[in-house]
Structure formats: C-alpha cells, structure tokens
Amino acid sequence: KKIAAAFRLAADSAPSLLFFDEFDSMAGKREGGPNEQFQRQVVGTLLRGLEEIRRTPRVIVMAATNDIDSLDAALIRSGRFDHRIRVDVPDADARLNIFHKRLKDVPTSQDLDLGRMVAETEGRSGADIAALADLAKVKAAKRAVAIGEGEAATITQADLEQALVERRGKEAPQLRPVEWDEV
C-alpha cells in the first residue's frame, strides 16, 4: 500500500522525483525465499507503479542499490529505468582527494602520512573514508579538550589510524591478494 501511495503522491505532485533508496530491500527476486508470496506482491506493485508513472509527465523515478544482482530481473529490464549509473569504490587518487577535502580546514600534524591512509583504505567507499576522517577530527578534538589545547585540535597520524581501527568492522572490504595459481 505504501509503495502504491508513493507513486500516487509523485504523480499528484508533479514535477517530482520519486527516489527509492536501498531498492534491493524491497525489489528482490520473486522466486524462492520464505516470503515468496509477499515478495511477488511487492514486485508486482513496483512494476505496475513504474509502468503507470511513465505516462505521467514531469515525474522522475530513481532507485539506488549496492546489490543489483539481487534485484528482480523484471524491474531492471529495458523500459523500467532508462539509465544505470554505476558508482564504484574510489581509486587511490579519489581516496586521497577525499582525505584532503575532509581535512582541508583543520590543523594537521607533520607526521600525517595520507599516502599510507590511502593504501589502508583500498576497497572502501567514499562515505566510509569521509566518516573515518570525521572520526579522526573528533578524536583530535577530544584529546585537545582533555589536555587543555582549546581549539587547536591538531589531527595526527595516530588519530587517523585509531579511527581506521574503530571503523574496521564497518564496510571493511573483503579484499586480499590473489595469486595466479588460485586463478
């Protein structure tokens, strides 16, 4: 009912943008699983909504997922969504840029080795790297308050490394070197 209502609201509010975040949580494959009948109903409602909304001018439907393979094939075939935009994890240059931008307006210590942090964050999302830098800022601020530095909270390499350890379980990539013999 809520999905159908969202499509109606988007149509009635045109111009509008209807955005489904974590689309895979509602648009999973219909076959198999303990809730197969319910999943069929949800996907059916999404399919009807997508078909009907295409006839409504000035309404855009967008969806985001980090697991496109789990989506029901009928929802991602041609005619349902016109474009796919893939956002991969950032490469080394992008990770360095994220660190620079997040640490731009705060004092940093001489020992800061962002090259090492870039290497340590291989496979992590841009959001996770930004959160790591923000956590390091908080650590530096708490340390500054504890020792009476006031507003001169300087971020050190240790702050970044500690933040990395604390965030290790959050979005930690499952990357490991693969040898030719394994391939």
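A quick note: this is a predicted structure, and the numbers were derived from the prediction, not measured. (Residues numbered from 1 in each chain as written. Predicted model: local features only at pLDDT ≥ 70, side-chain atom pairs only at ≥ 80, totals over all residues. Heavy atoms only, no water.)

A.B. asks: Sorry if this is basic, but what is going on with the packing of helix α1 (residues 2–12) against helix α2 (residues 36–53) here?
C.D. replies: Geometrically, a packed helix pair is captured by the angle between its two axes and the distance between the axes. The interhelical angle for the contact between α1 and α2, taken along N-to-C directions, is 10 degrees, at an axis separation of 9 Å. With respect to α2, the axis of α1 lies roughly parallel. Considering the relative orientation of α1 and α2, their crossing is right-handed. Of the residues in α2, those touching α1 at I3, A4, F7, A10 and A11 are V42, T45, L46, G49, L50 and I53. (Axes fitted to C-alpha atoms, helices over the stretch in contact; angles between N-to-C directions. Helix = DSSP H or I, 4+ residues; strand = E, 2+ residues; numbered from the N terminus. Parallel < 35°, antiparallel > 145°, perpendicular 65-115°, else oblique. Left-handed = near helix turned anticlockwise from the far one by under 90°. Contact = heavy atoms within 4.5 Å.)

A.B. asks: Please clarify how the layout of surface pockets should be interpreted in this entry.
C.D. replies: Gaps left between atoms show up when a probe the size of a water molecule is rolled over them. Each pocket or cavity is described by its volume, and for the largest pocket that value is around 1500 Å³. The set of elements that each furnish at least two residues to the lining of the largest pocket consists of α2, β2 (59–63) and α6 (126–147). Per-element tally for the lining of the largest pocket: the top contributor is β2, with five residues. (1 Å grid on protein atoms, 1.4 Å probe; cavity = no way out; pocket = protein on both sides within 12 Å on 5 of 7 lines; lining within 4 Å. Points joined across faces, edges and corners; volume = space filled by probe spheres on them.)

A.B. asks: Which parts of the structure should I look at to understand the pairing of strand β1 (residues 16–20)?
C.D. replies: Successive residues of a regular strand alternate their side chains across the two faces of the sheet. Of the two faces of β1, only one is covered, namely that formed by S16, L18 and F20; the face formed by L17 and F19 stays uncovered. Relative to β2, β1 is paired through five bridges, and the arrangement is parallel. Opposite F19, over in β2, you have M62 as the bridge partner. (Buried < 20%, exposed > 50% of the residue type's maximum accessible area, 1.4 Å probe, protein only. Pairing = 2+ DSSP bridges.)

A.B. asks: So what exactly am I meant to see when it comes to the pattern of salt bridges here?
C.D. replies: Two side chains carrying opposite charge are able to pair once their charged atoms lie near each other. Inspection of the entire model under this criterion finds 11 salt bridges. The shortest N-O distance in the salt bridge between E122 and R95 comes to 3.3 Å. Taken together, the residues span a long stretch of sequence, with E122 in the loop between α5 (114–120) and α6 and R95 in helix α4 (residues 92–103) at a distance of 27 residues. In this structure, R102 and D134 form a salt bridge, with 2.5 Å as the shortest nitrogen-oxygen distance. On the criterion of sequence distance, the pair formed by R102 in helix α4 and D134 in helix α6 is long-range, its members being 32 residues apart. Relative accessible area serves as the criterion here: at 32%, R102 is assigned to the partly exposed category. D134 gets classed as partly exposed once you look at its relative accessible area, which sits at 26%. (Salt bridge = Lys/Arg side-chain N within 4 Å of Asp/Glu carboxyl O.)

A.B. asks: Quick question: what am I supposed to make of α6 here?
C.D. replies: The first and last C-alpha atoms of α6 sit 32 Å apart over 22 residues, in line with the 32 Å expected at 1.5 Å per residue. Within α6 the residues assigned to the buried category are D128, I129, A130, L132, A133, A136, K139, A140 and A144. Considering only its buried residues, α6 is in contact with α4, α5 and α7 (157–167). (Expected span 1.5 Å × (residues − 1).)

A.B. asks: Can you help me understand the packing of α6 against α7 in this one?
C.D. replies: Here α6 crosses α7 at 125 degrees, and the two axes come no closer than 8 Å. Classed by the angle they form, the pair α6 and α7 counts as oblique. Relative to α7, α6 is oriented so that their crossing is right-handed. On the side of α6, the interface is formed by D128, A131, L132, A133, L135, A136, K139, A140 and R143, while α7 contributes D159, L160, Q162, A163, L164, E166 and R167.

A.B. asks: What's the story with the confidence of the model for the chain in this structure? I'm lost.
C.D. replies: Reading fine detail from the predicted coordinates is not recommended where pLDDT is low. Taken over all residues, the pLDDT of the chain has a mean of 87, while the share at 70 or more is 92%. The weakest mean pLDDT in the chain belongs to helix α3 (residues 73–76) at 87; the strongest belongs to α4 at 96. (pLDDT = per-residue confidence, 0-100.)

A.B. asks: How should the nonpolar core be read in this particular structure?
C.D. replies: Considering soluble globular proteins, one finds that nonpolar side chains tend to be buried as a cluster. Within the largest apolar cluster, 19 residues are counted, with the highest numbers of intra-cluster contacts made by F7, F20, F23, L46, V61 and L75. Sorting the residues of this core by element identifies α1, β1, α2, β2 and α3 as the ones contributing at least two each. At six residues, the largest contribution of residues to this core is made by α2. The residues touching F23, leaving out its near neighbours within four places in the chain, are L46, A63, A64, T65, L71, L75 and F81. Counting 18 residues, the second-largest nonpolar core is a separate cluster that includes M117, A144, I155 and A163. (Core = buried A, V, L, I, M, F, W, Y, C linked by side-chain atoms within 4.5 Å.)

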